[in-house]
Amino acid sequence: MIKGLYIHIPFCDQICTYCDFAKMVADDDLKVDYMRALVRELEYFSDLTEKCETIYIGGGTPSSLELDLLEAFLIELASVVNLEKIVEFTFETNPGDVNEDLLNLLKKYHVSRISMGVQALNDKLLKFLGRTHTKEVVVSAVELIKKHNFALNLDFLYAIPGQTKAMLMKDLEYIKNFNPEHISYYSLIVEDKTILNYLINNHKVADFPDDKARDYADIVDSILKDYGYIKYEVSNYAKPGFASKHNLLYWNLEEYLGIGSNASSQYNYVRMKNPRSIKEYIEGTKKHAFNMHELEEYNPKLEILLMGLRKTAGVSLDFYKLRTKKDVFEVYPQLQKHLDNNLLEITDGYLRFTNEGMYLANQVYLDII
Ligand code: SF4
């Protein structure tokens, strides 16, 4: 049964230096065409989404849509899903897009959670990342979101070239005052085909040293713990009761439907992906070619392990056996080595990374993939 619906909005007002997501800066006509295509796909799959429990509108930058266009889509969404029954409905925003009109519209359609890409609160770093907001904009956006009583997730980055420990500590101080229900704190990864990668390869910017990144990760972990956040996934922290139900569907290998360009779906033990190209996606929906998803190989024996290890709780050994009819150590005997060298541990029937193992996870992954 499909439990979660992901809706991809691939448009951004600017392109950040570090980003390799499926997104683009688009004109109004293309946005209208794309939103119509989304509606076609939504209607086609309406039987599957009837009973979904979570919705996540992400991107790209969903808040970059004109409000009229966004509302036209939300009306269609409300006609195929009973939004009042959705237990968690998340909408991604950029800080500069947050205003009374947007928040009132989201409330009207039962959005319960705002996820905002802050990344840092030092204006120089924000400029370097290619973000258009400033610290002041973030402060006002957080105030407004809280006034409207949405649960709030803030995305932050550490290990940004040029980020000092003092800057990191300042960000963490702001987080204490903002007191969001949820924080995603990612280490900045330099992806291929990004401006940041070009700058580093051409020695215009120095890469962030690994040992310093690990030091920063420890600081983030320990300070967020002091603030009362529970780390429940490699990069995610929540106040009790506010772990992301939608993202947990992915990590627990539940069934979900993703609509839009480059969106993935997983149901009936099959994984599918829409075309990354926006034009190809739109054309496909016009021809009612809804089987345009490319089939991907899906190996539950591997994926339950990989997804489960992302969570700090780990993988339930009983659940693994139930779903795969095999003992995990029978399938992957090499795991024993990592129990012996203390990168993995078993606690209350769950196989999980130790603290040390979290940092050296790649050693384990390389052994099992
Ligand atoms: S990081 Fe977010 S806002 Fe920046 S280009 Fe990527 S998707 Fe768009």
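Quick notes on the rules
Think of each chain on its own: its residues are numbered from 1, step by step along the sequence as written. The predicted nature of this model means local features are confined to residues of pLDDT at least 70 and side-chain atom pairs, given and counted, to a pLDDT of 80 or more, with totals for whole chains, interfaces and linings taken over all residues. To obtain the side-chain values, all non-hydrogen atoms of the structure were used and water was disregarded. In this description, a nonpolar core means a group of buried Ala, Val, Leu, Ile, Met, Phe, Trp, Tyr and Cys residues linked to one another through side-chain atoms lying within 4.5 Å. The classification of residues rests on relative accessible area computed with a 1.4 Å probe and restricted to protein chains. Under 20% of the type maximum is buried, over 50% is exposed, and intermediate values are partly exposed. Residues count as neighbours in contact if any of their non-hydrogen atoms are within 4.5 Å of one another. Throughout, the term near means that a residue has one or more heavy atoms lying within 4 Å of the molecule or strand in question. As a working rule, the residues Ala, Val, Leu, Ile, Met, Phe, Trp, Tyr, Cys and Pro are called nonpolar, Asp, Glu, Lys and Arg charged, and the rest polar, with Gly in that last group. Helical segments are the DSSP runs of H or I of at least four residues, strand segments are the runs of E of at least two, and each set is numbered from the N terminus. Helix axes are fitted only over the stretch in contact, all axes being lines through C-alpha atoms; the angle between N-to-C directions runs from 0 to 180 degrees. Relative orientations are named as follows: roughly parallel for angles under 35 degrees, roughly antiparallel for angles over 145 degrees, roughly perpendicular for angles from 65 to 115 degrees, and oblique for any other angle. Take the far helix as your reference; a near helix turned counterclockwise from it by less than a right angle gives a left-handed crossing, and one turned clockwise gives a right-handed crossing. A helix's residues, less one, multiplied by 1.5 Å, set its expected span. By arc we mean the arc of the directions from the helix axis to the C-beta atoms, nothing more. When a carboxyl oxygen of Asp or Glu lies within 4 Å of a side-chain nitrogen of Lys or Arg, that pair is called a salt bridge. Domain start and end points were adopted from an automatic or database domain assignment. Put simply, two rings from Phe, Tyr or Trp (the six-membered ring, in Trp's case) pair if the centres are within 6.5 Å, and we call them stacked under 30 degrees between planes, edge-to-face over 60, tilted for the rest. Here, a charge over a ring means that NZ of Lys or CZ of Arg falls within 6 Å of the ring centre while also lying within 35 degrees of the ring normal. Put plainly, a pocket is an open set of points on a 1 Å grid over the protein atoms alone with protein on both sides within 12 Å along at least five of seven lines, a cavity is a set where a 1.4 Å probe fits but cannot get out, and a lining residue has an atom within 4 Å of a point. Grid points are joined across faces, edges and corners, and a volume is the space filled by probe spheres set on the points.

Take the nonpolar core next. The biggest cluster of nonpolar side chains holds 75 residues, and the ones touching the most others in it are Ile7, Ile55, Leu77 and Tyr185. When neighbours within four sequence positions are excluded, isoleucine 55 is seen to be in contact with Leu5, Ile7, Leu77, Val81, Leu83, Ile86, Glu88, Phe89, Thr90 and His246. If you look at the next biggest cluster of nonpolar residues, it comprises 20 residues, including Ile304, Leu305, Val315 and Ala361.

Close to the ligand lie Cys12, Gln14, Ile15, Cys16, Tyr18, Cys19, Phe21, Lys23, Gly60, Thr61 and Arg131. Considering only residue class, the shell around the ligand consists of six nonpolar, three polar and two charged.

Below, the discussion takes up unusual backbone geometry. Geometrically, the link from glycine 59 to glycine 60 is a cis peptide bond, its omega value of 20° lying close to zero. Counting through the fold element by element, glycine 60 comes out in the loop between strand S2 (54-59) and helix H3 (67-80). One non-glycine residue, glutamine 119, lies in positive phi territory at about 75°. Secondary-structure assignment places glutamine 119 in strand S4 (residues 113-119).

As a packed pair, helix H7 (residues 165-178) and helix H9 (residues 210-226) sit with axes 11 Å apart at the nearest point and diverge in direction by 20°. In terms of orientation, H7 lies roughly parallel with respect to H9. Considering the relative orientation of H7 and H9, their crossing is right-handed. Together, Lys165, Leu168, Met169, Leu172 and Ile175 of H7 and Asp215, Tyr216, Ile219, Val220, Ile223 and Leu224 of H9 make up the contact between the two elements. Its residues assigned to classes, the contact of H7 with H9 shows nine nonpolar, no polar and two charged.

Look at helix H6 (residues 135-147): 19 Å from first C-alpha to last across 13 residues, which is about the 18 Å you get at 1.5 Å a residue. Listed as buried for H6 are Val138, Ala141, Val142, Leu144 and Ile145. Down the axis, H6 shows its buried residues gathered within 165° of arc, on one side only. The outward face of H6, more than 90 degrees from its buried face, is lined by the exposed residues Glu143 and Lys147. Where H6 is buried, its residues touch helix H4 (100-108), S4, strand S5 (151-158) and H7.

This paragraph deals with the pattern of salt bridges. Tallied over the entire structure, the rule returns 16 salt bridges. Measuring nitrogen to oxygen at the nearest pair gives 3.0 Å for the salt bridge that ties glutamate 356 to arginine 214. Here glutamate 356, found in helix H16 (residues 355-359), pairs with arginine 214, found in helix H9; they are 142 residues apart in sequence, far enough to count as distant. We classify glutamate 356 as partly exposed; its relative accessible area is 36%.

In terms of domain boundaries, the chain breaks down into domain 1 (2-250) and domain 2 (315-368). Computed from C-alpha atoms alone, the centre-to-centre distance between domain 1 and domain 2 is 30 Å.

What follows covers the packing of aromatic side chains. For the structure shown, the criterion picks out 11 aromatic pairs. Relative to tyrosine 281, the ring of tyrosine 34 lies with its centre 5.5 Å away and its plane at 50°, an arrangement referred to as tilted. Residue tyrosine 34 is found in helix H1 (residues 28-44), and its partner tyrosine 281 is found in helix H11 (residues 278-286); the two are separated by 247 residues along the sequence. Assigned by exposure class, tyrosine 34 and tyrosine 281 land together as buried. Ring centres 5.2 Å apart and planes at 65° place the aromatic pair phenylalanine 208 and tyrosine 216 in the edge-to-face group. Chaining the aromatic ring pairs together yields one cluster made of Phe11, Tyr34 and Tyr281. Its guanidinium or amino end placed over the ring of phenylalanine 150, lysine 107 lies 4.4 Å from that ring's centre, counting from NZ or CZ. The cationic tip of lysine 239 hangs over the ring face of tyrosine 229; the distance from NZ or CZ to the ring centre is 4.6 Å.

This brings us to the layout of surface pockets. The volume enclosed by the second largest pocket comes to roughly 390 Å³. What lines the second largest pocket is a set of 16 residues, among which Asp221, Lys231, Thr312, Asn355 and Met358 lie closest to the centre. Looking at the lining of the second largest pocket, the elements with two or more residues in it are H9, strand S7 (230-233), strand S15 (350-353) and H16. The element contributing the most residues to the lining of the second largest pocket is H9, with four residues. For the lining of the second largest pocket, a count of residues per class yields seven nonpolar, four polar and five charged.

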